[in-house]
Amino acid sequence: MLGVDPRSLAVGWFLVVISIASLGAEKRAPDPYAETIKRALELLPRQPSQVLVVDATRAARAADAHGRRVQAFVRHGENVVYLIAQGDTLQRGQKGAGVFDYVLATIIWHEMAHLAGAGEREAQRQEEVLWAQYLAAGHVDTRRGLNYLALLRKRQ
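Cut-off values and rules
Residues numbered from 1 in each chain as written. Predicted model: local features only at pLDDT ≥ 70, side-chain atom pairs only at ≥ 80, totals over all residues. Heavy atoms only, no water. Salt bridge = Lys/Arg side-chain N within 4 Å of Asp/Glu carboxyl O. Buried < 20%, exposed > 50% of the residue type's maximum accessible area, 1.4 Å probe, protein only. Helix = DSSP H or I, 4+ residues; strand = E, 2+ residues; numbered from the N terminus. Core = buried A, V, L, I, M, F, W, Y, C linked by side-chain atoms within 4.5 Å. Contact = heavy atoms within 4.5 Å. Axes fitted to C-alpha atoms, helices over the stretch in contact; angles between N-to-C directions. Parallel < 35°, antiparallel > 145°, perpendicular 65-115°, else oblique. Left-handed = near helix turned anticlockwise from the far one by under 90°. Nonpolar A, V, L, I, M, F, W, Y, C, P; charged D, E, K, R; others polar.

Asker: I keep staring at the pattern of salt bridges and nothing clicks. Help me out?
Answerer: If the charged atoms of two oppositely charged side chains come close together, the side chains can form a pair. What the rule picks out here adds up to 7 salt bridges. Put simply, Glu42 and Lys38 hold a salt bridge, and the shortest N to O gap is 3.4 Å. Overall, Lys38 belongs to the partly exposed group, its relative accessible area being 44%. The residue Glu128 makes a salt bridge to Arg155 at a minimum N-O spacing of 3.6 Å. Separated by 27 residues along the polypeptide, Glu128 in helix α5 (residues 120-136) and Arg155 in the segment after α6 (142-154) bring together distant segments of the chain. Accessibility expressed as a relative area gives 7% for Glu128, which makes it buried. A single salt-bridge network, built from bridges that share partners, covers Arg121, Glu127, Glu128 and Arg155.

Asker: Even after reading the chapter, I still don't get the nonpolar core, so can you show me in this structure?
Answerer: Nonpolar side chains in soluble globular proteins generally cluster together in the buried interior. Of all hydrophobic cores here, the largest spans 28 residues; its most connected members are Ile37, Leu44, Val81, Leu83, Ile108, Trp131 and Tyr134. When contributions to this core are tallied by element, the ones reaching two or more residues are α2 (34-41), β3 (81-84), α4 (99-115), α5 and α6. Examining the composition of this core, we find that 9 residues originate from one element, α4, more than from any other. Ignoring anything within four residues of it in the chain, the contact list for Leu83 reads Ile37, Val51, Leu52, Val53, Val54, Gln71, Ala72, Leu90, Leu104 and Ile108.

Asker: Can you walk me through the packing of α4 against α5 in this structure?
Answerer: Each pair of packed helices gets described by two things: the angle between the helix axes and the distance between those axes. Taken N-terminus to C-terminus, the directions of α4 and α5 make an angle of 150 degrees; their axes are 8 Å apart at the nearest point. Here α4 lies roughly antiparallel to α5, going by the angle between them. The chirality of how α4 crosses α5 is right-handed. Listed contacts from α5 to Val99, Tyr102, Val103, Ala105, Thr106, Ile107, Trp109, His110, Ala113 and His114 of α4 are Glu120, Ala123, Gln124, Gln126, Glu127, Leu130, Trp131 and Tyr134. In terms of residue class, the contact of α4 with α5 is made up of 11 nonpolar, 5 polar and 2 charged.

Written as structure tokens, this is what we have:
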């Protein structure tokens, strides 16, 4: 190649690729929820296709059929679990690793059940089963875990 050292050319291209990648990374704002969601996803038996965080003011469903605020939802025809940024569980999970990682994981699991075609009662049952597994494995405090399980089972 006309007196050009192939190693210099390779190093040059490597630097161009690194520079382009760096420019892209600088322009993207870091996801403030990424670490919290990552911790919750690591607790699931199976991974969802995609999890996105949305602002409650922009959410398609900020309340359920009974007028209760939701923390997550799915939309028909999509394969995405949407988490509400202002949801209590996500916000508490933002404070660091702990029990709310497990709660967030069960919420995501509930929504994944809907994506797989489950109705509300079946999605609730799957959420309860996963929570009971966390409890039985000693991942959450027994008293707190049993109280939360009782709350889950009271839903209608």
